[in-house]
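Given next are the chains, with one letter for each unit.
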Amino acid sequence: MDPLILFFALVNGLLVGGIYGGIALGLSLIFGVLRVINFAHGSFLMLAMYGAYLLWSVFGIHPYVAPVIIVPALFALGYAVQAWIIAPLFRRERAMVVEPISALLVTTGVYLVVDNLVLMAFGPDVRAVSVDIAQESFFLLGLPVNVARLIGCVAAVLLAWGLALWLRRSDLGRSIRATAQNRDAATLSGVNVPFIYNITFALGCAVLGVFGSLLVAFLPVTPTTGLSFGIKSFLVVVLGGIGSIPGSIVGGLLLGVFESVASQFVTATSAAMFSFGLFIAVLLFKPSGLLGARVAKR
Amino acid sequence: MQSPRQSRLGAAILLAVAVLAVLLPWIVQDSYFIHTVIMVLYFAYMATAWNFVCGYVGQLSLGHSVFSGVAGYVTVLLFIQTGLSPWLGMLAGGAVAALLAVAIGFPTFRLKGPYFTLTTIAFAEILRIWFENTDTFLGIPLKGAEGLVVPLIGDSWAAFQFNGKTAYYYIVLAMLALAMAATAWMERSRLGYYLKAIRGDSDAAESLGVSPTRYSLIALCISAFMTGIGGAFFAQFFRYINPERNMGIDLSIDMAVMAIVGGQGTVFGPALGALLLHPVAEVMRSWFGGGVLGLHLVVYGVVLILAVTYLPKGIIDPLSRLIGRGRKRKEQP
């Protein structure tokens with residue numbers, strides 16, 4: 001294997017991996033606070049991509065401006081899904097034993113509804129935005145670096161950093177962390193837990209609004225885009241340790257590099273098999289994630 | 001306890017449904033209708049097979065399609081390569097699926113809740129991707145995503161090929177009856193009680209000497225075997241198998257959704273779920289044609305959300321209480 005090609009794969013893997021990490025942020029945050037695995041995570045990303053695509057094709061809005069509209073829209077959607085669809089489960093839970101499976105099933109229902117509504121509206125065709133930035137590259141140490149991917153990766157790191165800071169410093173962030181640590185104690189301290197749940201879920205979806213817009217600049221979208229990104233997000237979150245913000249980025253980078261390097265040896269579709277294998281291995285042998293220790297300290 | 005009158009009502013309904021099912025091909029002879037009923041029965045069978053382990057152990061598998069796919073491929077390949085009758089081939093396929101279930105289940109059953117679910121998806125996706133990207137394996141043509149066509153032999157019992165659909169109808173009806181009988185037997189057997197103990201509290205069950213992994217595995221093997229037979233039937237019925245339809249996550253989700261909506265952990269629930277949901281798919285298809293893709297899945301999604309939220313025990317629960325067979329549930333506070 002040519003070391004230059006391998007190095008190129010490494011750089012490209014890091015860039016794509018950073019974006020994976022950014023996409024998984026919301027999933028990790030939602031699981032950390034609500035203990036809900038949102039099976040519809042990828043579907044919301046796909047919705048954001050279609051939203052940005054529509055803004056570009058109908059109004060000519062550049063995908064990099066689209067977050068101004070897409071992020072609030074996804075925030076509202078996430079809030080509504082949590083408040084109307086998932087919250088009833090929590091209300092029932094008070095009387096019954098906690099069933100994380102029910103939440104998974106309900107979000108599976110949301111996934112079915114969202115993915116297939118989009119399929120009905122847009123058909124199975126591939127939609128792509130054509131903006132110049134998708135083709136732009138510059139050379140770093142003799143290697144081409146795609147600008148759109150670099151922007152996505154940098155945005156992921158910045159967002160993760162900002163989110164972690166906000167969770168640590170702001171009052172709302174403190175309430176969110178308190179709820180994650182101990183729901184009952186948070187309630188006793190005057191935290192409105194159902195509201196915090198809604199806000200957290202909405203935030204987790206709003207982050208997808210950013211990446212949906214950034215992704216659509218260089219990646220075509222189909223109704224099935226969501227599921228594959230959703231499953232990758234589960235991989236990332238498990239790799240990095242569920243509920244950990246930095247873990248999400250590190251897990252994303254790991255997955256990106258793993259996929260990118262593996263696809264130098266086998267076809268890209270077969271590389272996905274190895275990612276699933278990695279996922280199973282981590283769950284079986286180190287279920288707290290590769291950064292598990294850090295999660296425990298949190 | 002239920003009164004004898006209520007129990008007789010339940011038995012009478014069951015008998016009436018059974019008689020109707022046996023006579024149906026004589027009552028309605030429309031080929032399209034029989035085809036639809038065969039698909040309803042196929043899904044009822046698959047949901048019942050899924051329920052055999054997932055409904056009783058209380059773990060959600062979204063990877064069951066892998067058993068259907070692997071067994072289907074074994075059946076079809078044995079037929080194409082060696083001419084072995086699919087009747088024997090599907091048993092072989094089921095056995096391979098059961099072996100695969102041990103390989104998958106042994107490590108996976110240690111995981112709980114969503115972790116278990118995601119791992120089952122991962123295993124199924126690995127195999128599906130492998131089948132989709134493998135043209136030949138050890139010299140055996142698998143033809144990747146294109147899939148395999150079962151060669152046409154003509155009306156032959158040995159080749160599992162029949163003119164008309166009536167024979168397929170009775171085969172899948174018998175399969176469903178057997179699967180429900182197996183479930184009913186399991187419910188009353190030691191295995192059934194162990195599984196319910198594991199669902200109730202896995203640690204407590206283990207402390208009483210019931211090994212959760214062991215008994216979950218036994219149930220998974222039986223479930224995988226049944227799912228495999230279903231996959232083989234599907235391949236024979238359409239004389240075609242490909243990784244996406246026979247192994248994809250959509251099939252796994254269909255099985256789980258039907259069982260859960262109908263009522264998991266019951267004998268009749270999964271079949272009821274299929275009976276209610278699959279016709280929705282057919283009606284949507286005939287009303288709107290192929291133009292509106294995915295509409296029936298939107299309905300499935302909405303029904304799943306409503307069922308999990310408002311009827312966590314499935315539609316069978318209020319129905320069975322109505323007939324008075326709900327006494328078991330009422331005894332548990």
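Reading the values: the criteria
- Along every chain, residues carry numbers that run from 1 in the direction the sequence is written.
- For naming, the first written chain is A and the first written ligand is 1, with later ones following in the order written.
- Given that the model is predicted, a residue must reach a pLDDT of at least 70 before its local features are reported, and side-chain atom pairs must reach 80 or more before they are shown or counted; all residues, however, enter totals for whole chains, interfaces and linings.
- Only DSSP runs of H or I covering at least 4 residues are called helices, and only runs of E covering at least 2 are called strands; the numbering of each starts at the N terminus.
- When we talk radius of gyration, it's over C-alpha atoms, and the globule rule is simply 2.2 Å times the number of residues to the 0.38.
- Using C-beta atoms placed from the backbone, we call a residue buried if 20 or more other C-beta atoms fall within 10 Å of its own, exposed if 12 or fewer do, and partly exposed for counts in between.
- Residues are scored as being in contact if the C-beta atoms we place from backbone atoms lie within 7 Å.
- Lines are fitted to the C-alpha atoms to define the axes, a helix being fitted only along its stretch in contact, and any angle between axes, read from their N-to-C directions, falls within 0 to 180 degrees.
- Angles are sorted into four bins: roughly parallel if under 35 degrees, roughly antiparallel if over 145, roughly perpendicular if 65 to 115, and oblique for all others.
- Nonpolar residues are Ala, Val, Leu, Ile, Met, Phe, Trp, Tyr, Cys and Pro. Charged residues are Asp, Glu, Lys and Arg, and all others, Gly as well, are polar.
- To estimate how far a helix should extend, the number of its residues minus one is multiplied by 1.5 Å.
- Summary of the metric used: pLDDT quantifies the predictor's per-residue confidence within the range 0 to 100.
- Two strands are counted as paired when DSSP detects at least two bridges linking them.

The number of helices and strands found in chain B is 15 helices and four strands. In terms of overall dimensions, chain B is globule-like: its C-alpha atoms have a radius of gyration of 20 Å, near the 20 Å expected for 333 residues. Burial statistics for chain B: of 333 residues in total, 48% are counted as buried. Taking the intrachain contacts of chain B between residues at least 6 apart in sequence as the baseline, contacts between residues at least 24 apart amount to 76%.

Take the overall build of chain A next. When you go through chain A residue by residue, the secondary structure sums to 12 helices and two strands. In terms of overall size, chain A behaves like a compact globule, its C-alpha atoms giving a radius of gyration of 19 Å where 298 residues would be expected to give roughly 19 Å. By principal-axis analysis of the C-alpha atoms, chain A measures approximately 60 × 45 × 35 Å. With 298 residues in all, chain A has 52% of them scored as buried.

Time to look at the packing of helix H6 (residues 166–188) of chain B against helix H9 (residues 212–238) of chain B. All names here are of chain B. At a closest axis distance of 12 Å, the pairing of H6 and H9 adopts a crossing angle of 170°. One way to sum up the angle between H6 and H9 is to call them roughly antiparallel. Contact with H6, carried on its side by Tyr 168, Ile 171, Val 172, Met 175 and Ala 179, involves Met 226, Ile 229, Phe 233 and Phe 237 of H9 and no other residues of that element. Here the residues of the contact of H6 with H9 sort into nine nonpolar, no polar and no charged.

With 34 residues of chain A in contact, the opposing surface of chain B contributes 33 residues. Where the side of chain A that touches chain B is concerned, the elements lending two or more residues are helix H3 (67–93), helix H4 (100–122), helix H9 (225–240) and helix H11 (268–285) of chain A. For the side of chain A that touches chain B, the leading source of residues is H4(A), giving 15 residues. A breakdown of the residues in the side of chain A that touches chain B according to their chemical character gives 26 nonpolar, eight polar and no charged.

With that out of the way, let us pick up H9(A). An ideal rise of 1.5 Å per residue puts 22 Å on 16 residues; H9(A) measures up with 23 Å between its terminal C-alpha atoms. Most of H9(A) is tucked away, with 14 of its 16 residues classed as buried.

Glancing now at the confidence of the model for chain B. Residues and elements named next belong to chain B. For chain B, the mean per-residue pLDDT works out to 84, and 94% of the residues sit at or above 70. Confidence over residues 326–333 falls short of pLDDT 50; this stretch has six contacts with residues more than four positions distant or in other chains. If you check the scores for this complex, the pTM reads 0.87 and the ipTM reads 0.86.

Residues and elements named next belong to chain A. Chain-level statistics for chain A give a pLDDT mean of 85 and a share of 93% at 70 or above. Within chain A, the element-level pLDDT minimum falls on helix H12 (residues 292–297), averaging 44, and the maximum on helix H2 (residues 41–59), averaging 92. A low-confidence stretch, residues 293–298 (pLDDT under 50), is modelled with 10 contacts involving residues beyond four sequence positions or located in other chains.

Here the focus is helix H5 (residues 113–132) of chain B. Think of an α-helix as turning once every 3.6 residues; residues three or four places apart then point the same way. Compared with an ideal rise of 1.5 Å per residue, which puts 20 residues at 28 Å, H5(B) spans 29 Å between its outermost C-alpha atoms and is within 8% of the ideal. Burial runs high along H5(B): 17 of the 20 residues are buried.

Now for the packing of helix H2 (residues 31–57) of chain B against helix H11 (residues 249–262) of chain B. All names here are of chain B. Viewed as axis vectors pointing N to C, H2 and H11 meet at an angle of 75°, and their least axial separation amounts to 8 Å. Of the possible angle classes, the one that applies to H2 and H11 is roughly perpendicular. Seen from H2, the contacting residues are Phe 43, Met 46, Ala 47, Trp 50, Asn 51 and Gly 55; seen from H11, they are Asp 254, Met 255, Ala 256, Met 258, Ala 259 and Gly 262. Broken down by class, the residue content of the contact of H2 with H11 amounts to eight nonpolar, three polar and one charged.

Take the pairing of strand E2 (residues 143–146) of chain A next. Residue and element names in this part refer to chain A. Examined bridge by bridge, strand E1 (residues 137–140) and E2 share four bridges and lie antiparallel to one another. Pairing of Phe 138 across the sheet is with Val 145, part of E2. Linking E1 back to E2 in an antiparallel pair, the connection comprises two residues, with Leu 141 at a positive phi of about 55°.

For residues besides glycine, phi is generally negative; the peptide bonds are generally trans as well. Phi angles above zero are rare outside glycine, and A:Arg35 is one such case at about 60°. Structurally, A:Arg35 is set in the loop between helix H1 (3–34) and H2. Taking the C-beta count within 10 Å as the criterion, A:Arg35 has 17 such neighbours and is therefore assigned partly exposed. A positive phi angle, close to 50°, is found at B:Arg239, a residue other than glycine. By the element assignment, B:Arg239 lies in the loop between H9 and strand E4 (240–241).

What follows concerns the environment of B:Ser216. Residues and elements named next belong to chain B. Position of Ser 216 among the secondary structure elements: in helix H9. Residue Ser 216 is classed as buried on the basis of its C-beta count, with 27 C-beta atoms lying within 10 Å. Taking the C-alpha atoms as reference points, Ser 216 and Phe 116, 100 residues apart in sequence, are found 13 Å from one another. With residues near it in sequence (within four places) discarded, Ser 216 still touches Val 53, Val 57, Gly 105, Phe 109 and Ile 198.

With that settled, consider the environment of B:Phe225. All names here are of chain B. Position of Phe 225 among the secondary structure elements: in helix H9. Here Phe 225 falls in the buried class, since 24 other C-beta atoms lie within 10 Å of it. Once residues lying within four places of it in the same chain are set aside, the contact partners of Phe 225 are Gly 94, Ala 97 and Ala 98.

For the rest of this paragraph, the subject is the environment of A:Ala73. Residues and elements named next belong to chain A. With respect to the secondary-structure elements, Ala 73 resides in helix H3. A tally of 17 C-beta atoms within 10 Å means that Ala 73 is categorised as partly exposed. Between the C-alpha atom of Ala 73 and that of Trp 166, which follows or precedes it by 93 residues, the distance is 21 Å. Sequence-distant contacts of Ala 73, defined by excluding residues within four places in its chain, comprise Gly 51 and Gly 209.

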